[in-house]
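Results of the structural survey
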Amino acid sequence: MGNSIRTTLADDGTVTVTVSGEIDFSNSDGVARGLRDAVTDWSPPSIEVDLRDATFIDSTGLGALIEGYRAAVAAGVDFRVINPSDTFRRVLTVTGLSDFFGLIEVADEQSQATGA
């Protein structure tokens, strides 16, 4: 199974890169390229990688996220991963990447903003 990458620009300049499907050896280069392109094409203040619709990630997929992170940091762009599944969250926590990627849940952030 493959994946698709969709990039959107919010009014505040934040770029969201939404990844659907698998992130593995067969497409990790495309994911990394999509993240790098988001940094260079849009020059945003921040990039959010939305994993809500991602179904699988392996070590090469993690490498693609790290590559995107490095490109963002080199350009002075904030980088965070949002909306991971419980499985993804465990993988990112076990590998020590959850803090590295500023991992948050969008719903949690919105609840905090409204005091819910």
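Now for a look at the structure at hand. Not measured: the values here are computed from a predicted model.

**With respect to the packing of aromatic side chains**
- Tallied over the full model, the rule gives 5 aromatic pairs.
- Ring plane angle 40° and centroid distance 4.2 Å describe the contact between Y69 and F100, whose orientation is recorded as tilted. Note that Y69 is positioned in helix α2 (residues 59-74) and F100 in helix α4 (residues 97-100), a separation of 31 residues in sequence.
- Here F100 falls in the partly exposed class, since its relative accessible area comes to 34%.
- When the centroid spacing of 5.6 Å and the interplanar angle of 55° are considered together, the rings of F79 and F101 count as tilted. Of the two residues, F79 is situated in strand β5 (residues 78-82) and F101 in the loop between α4 and α5 (106-114); the sequence distance between them amounts to 22 residues.
- Judged by relative accessible area, which is 0%, F101 ranks as buried.
- Put simply, the rings of Y69, F79, F100 and F101 touch in pairs and so form one group of aromatic residues.

The rules behind these values
Residues numbered from 1 in each chain as written. Predicted model: local features only at pLDDT ≥ 70, side-chain atom pairs only at ≥ 80, totals over all residues. Heavy atoms only, no water. Phe/Tyr/Trp six-rings, centres within 6.5 Å; stacked < 30°, edge-to-face > 60°. Helix = DSSP H or I, 4+ residues; strand = E, 2+ residues; numbered from the N terminus. Buried < 20%, exposed > 50% of the residue type's maximum accessible area, 1.4 Å probe, protein only.

That is the geometry; function is a separate question.
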